[in-house]
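Commentary on secondary and tertiary structure
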Amino acid sequence: MRRLGRPATIGACALAVALVAVAAYSAAGGGRRAEIAAGRALYAAHCASCHGADLEGQPEWQRTLPSGRMPAPPHDASGHTDYG
Ligand code: HEC
C-alpha cells in the first residue's frame, strides 16, 4: 500500500503545483491587462493633449518654438521619442 501511495502522492503534488502555476499565470495576466487599461486612461487624461491621442506628438516637433521651447515629440512603443 505504501509503495503504491507514494507515486499517487507525487502525482497529486505535481497536479497541485501545475494548478497553482496556471492560477498565478492568469492572475498576472489579468493584473497586467488592468494596468494597461489604467495606463491608457492616464495617458488620455494627462499626456494626449501634447503627445497626441495616437502618440503622434505635435506638428514640427523637431523645430524649436519662438519661445525657445520644444514641441512634444511622438512616442514609440517603449514610451520614448520616436525618431522614426
Ligand atoms: C504640456 C505638454 C506635455 C504634456 C501634458 C506631457 N508632455 Fe511629455 N513632453 C513634452 C515636451 C515638450 C517634451 C520634450 C521636452 C524636450 O525636448 O526638452 C516631452 C518629452 C517627453 C518624454 C521624453 C521622450 C524620451 O525620449 O525620453 C517622455 C517619455 C514624455 N514626454 C512622456 C510624457 C508622459 C508619460 C506624459 C503624461 C503623463 C506627458 N509626457 C505629458 C510635453 C508634454
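Presented here is a report on the structure given in the accompanying data block. All values derive from a computational prediction rather than experimental measurement.

Observations concerning the site of the ligand
- Lining the immediate surroundings of the ligand are H46, C47, S49, C50, H51, M70, P71, A72, P73, G79, H80 and T81.
- When residues of the shell around the ligand are assigned to their parent elements, the largest contribution, three residues, is made by helix α2 (residues 48–51).
- Residue composition of the shell around the ligand, grouped by class: six nonpolar, six polar and no charged.

Here's the deal with unusual backbone geometry
- Within the chain, L55 stands out as a residue other than glycine whose phi angle is a positive 65°.
- Within the secondary structure, L55 is located in the segment after α2.
- One non-glycine residue, E60, lies in positive phi territory at about 50°.
- With respect to the element layout, E60 can be found in the segment after α2.
- C-beta crowding within 10 Å serves as the criterion here: with 9 such atoms nearby, E60 is assigned to the exposed category.

About the cut-offs
In this convention, every chain numbers its residues from 1, walking through the sequence in written order. A pLDDT threshold of at least 70 governs which residues receive local features in this predicted model, and a stricter bar of 80 or more applies before side-chain atom pairs are shown or counted, although totals over entire chains, interfaces and linings include all residues. Near residues are defined by distance alone, with the backbone-placed C-beta atom required to lie within 6 Å of the molecule or strand. Elements are defined by DSSP. Helices are runs of H or I of four residues or more, strands are runs of E of two residues or more, and each kind is numbered from the N terminus. Each residue receives one of three labels: charged for Asp, Glu, Lys and Arg, nonpolar for Ala, Val, Leu, Ile, Met, Phe, Trp, Tyr, Cys and Pro, and polar for the others, Gly being one of them. Between the buried cut of 20 or more and the exposed cut of 12 or fewer other C-beta atoms within 10 Å of a residue's own C-beta lies the partly exposed class, and all C-beta atoms are placed from the backbone.

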